Amino acid sequence: MAKRKYIPWIGLALCALVLPIVAQSQWSGEGSHSEKKNTFIYSPYIDVVGRPLYKFDENVEASGTKHYTLAFIVAPDRSTCKPSWGGYKGYGIGTYLSDRIEALRAKGGDVTISFGGGRGEYLAGSCGDGSQASHVVALKNAYKKVVDGYQLTRIDFDIEGSWLYGHHALWTIPLRSKALAMLQAELGHEKLAIWYSLPVVPSGLTRAGLKAVRLAKEAGMNLTGVNLLAMDFGESNAPHPATKMGDYVNRCAASVFKQLKLIFPEKEDNAIWGMIGLTPMIGVNDATAEVFTLADAKQLRDYANKTGLGWVAMWSGNRDRACHTLSTHYVSGNCSDVHQKMFAFQRILNGLAEPADVMINASDILVRPMHSRHHKHVKKHMSPKAHDK
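None of the values given here were measured: they were computed from a predicted structure. (Residues numbered from 1 in each chain as written. Predicted model: local features only at pLDDT ≥ 70, side-chain atom pairs only at ≥ 80, totals over all residues. Heavy atoms only, no water.)

1. Quick notes on the pattern of salt bridges
Across all of its chains, the model carries 13 salt bridges by this definition. Residue Arg78 pairs with Glu121 through a salt bridge whose shortest N-O separation is 2.5 Å. With Arg78 in the loop between β3 (67-74) and β4 (84-85) and Glu121 in the loop between β5 (110-116) and α3 (133-150), this pair connects stretches of sequence that are 43 residues apart. A relative accessible area of 39% places Arg78 in the partly exposed class. Where salt bridges share partners, they join Lys140, Lys144, Asp148 and Glu186 into one cluster. (Salt bridge = Lys/Arg side-chain N within 4 Å of Asp/Glu carboxyl O. Helix = DSSP H or I, 4+ residues; strand = E, 2+ residues; numbered from the N terminus. Buried < 20%, exposed > 50% of the residue type's maximum accessible area, 1.4 Å probe, protein only.)

See below:
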């Protein structure tokens, strides 16, 4: 992802009309049916401060998707312990997107909100170094502001880069674990599902990722599950990826199943599978030899239903469309760079279409180019290939 912040759309009116958020969850429960034909919750990531704006509430019928993961909540700067969308103070917590969330819930859907991401200042790094009890309370309150503002029952923490592997991790991971344990105790463990999204390779989570999971358990957190950011593996972890990306993505889950069994020996196998989520980057990855195709999406859906995964997502709904021109030398935040119809990946993962139904010929691509001002804000996470496991 690009290091610069998101660029707001000039002239955008920030939710001039704010509708109240309905204080009820439309989630059918972790590990149960989110769509009639799936045994997992399907909730793709949406970049909600990128432009053009992805109107998730208006795309339910066309995409078949009712649940979305909205990204990302971060701190506006290193010294401010307040949540913000993409680092921008102008996008009010509890007001920005509230009308769209309300409209989605009226259609039987709901949202997860994701904290962190590949760039930006994490709240855990802006609320103190964890040396004082007040730091834990401050971070808990920052998270609670988002949960209360949008009446959430499900949140996600995308932890990567220096926040997982660097010096930041030394205090932010324990601090986050304590704050979330405190938040769940305050709200009720059964009322707030918490997922960690972590980089992965086909052989499993890195040592840093496993440590984050262990610290969550030790802090008393009820960690709902671990979502695997199955993308940008690198040649050493996924050699010759052509036609193999579906296999590599699914292999990540199989490897992590074994790792989680060691951390949660008290859980049955089906509960462990329900703790695993998979998130590929659709189409061309930042490691451009890696291309997650429509056929790979079908393979992922079949695997998720067979094993009982708890969550399937993708990066991202914004990219679920064909590009104007196909070039594996350019990765866009607004299209997949594969031959597809609009919402093809979502329709496949929702069980509404087969790959052949939503594939198009290159000569039929009529989509106009949509150049995001932050088109480099594509990479979902740093590949763990450079880090030990």
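This is not the end of the story, as more comes after the structure.
2. Considering the packing of aromatic side chains
Taken as a whole, this structure holds 20 aromatic pairs when the rule is applied. When the centroid spacing of 4.5 Å and the interplanar angle of 10 degrees are considered together, the rings of Tyr122 and Trp163 count as stacked. Taken together, the positions of Tyr122 in the loop between β5 and α3 and Trp163 in helix α4 (residues 162-165) put the pair 41 residues apart, joining distant regions of the chain. For the pair shown, Tyr122 and Trp163 are each scored as buried. Taking 6.4 Å as the distance between ring centres and 70 degrees as the angle between the ring planes, the aromatic pair formed by Phe233 and Tyr248 counts as edge-to-face. One end of the pair, Phe233, is in the loop between β9 (223-230) and α7 (245-263); the other, Tyr248, is in helix α7, with 15 residues separating them in the sequence. Aromatic rings pair up to connect Tyr45, Phe72, Trp195, Trp311 and Trp315 into one cluster. One cation-aromatic arrangement involves Arg154 over Trp311; the distance from NZ or CZ to the ring centre is 4.6 Å. (Phe/Tyr/Trp six-rings, centres within 6.5 Å; stacked < 30°, edge-to-face > 60°. Lys NZ or Arg CZ within 6 Å of the ring centre and 35° of its normal.)

3. So, the state of the cysteines
Inspection of the entire model under this criterion finds 2 disulfides. Each sulfur of the disulfide joining Cys81 and Cys127 lies 1.9 Å from the other. The disulfide joining Cys81 to Cys127 has a torsion of about 90 degrees about its S-S bond and is therefore right-handed. With Cys81 in the loop between β3 and β4 and Cys127 in the loop between β5 and α3, this pair connects stretches of sequence that are 46 residues apart. Residue class for Cys81 comes out partly exposed when judged on its relative accessible area of 25%. (Disulfide = S-S within 2.5 Å.)

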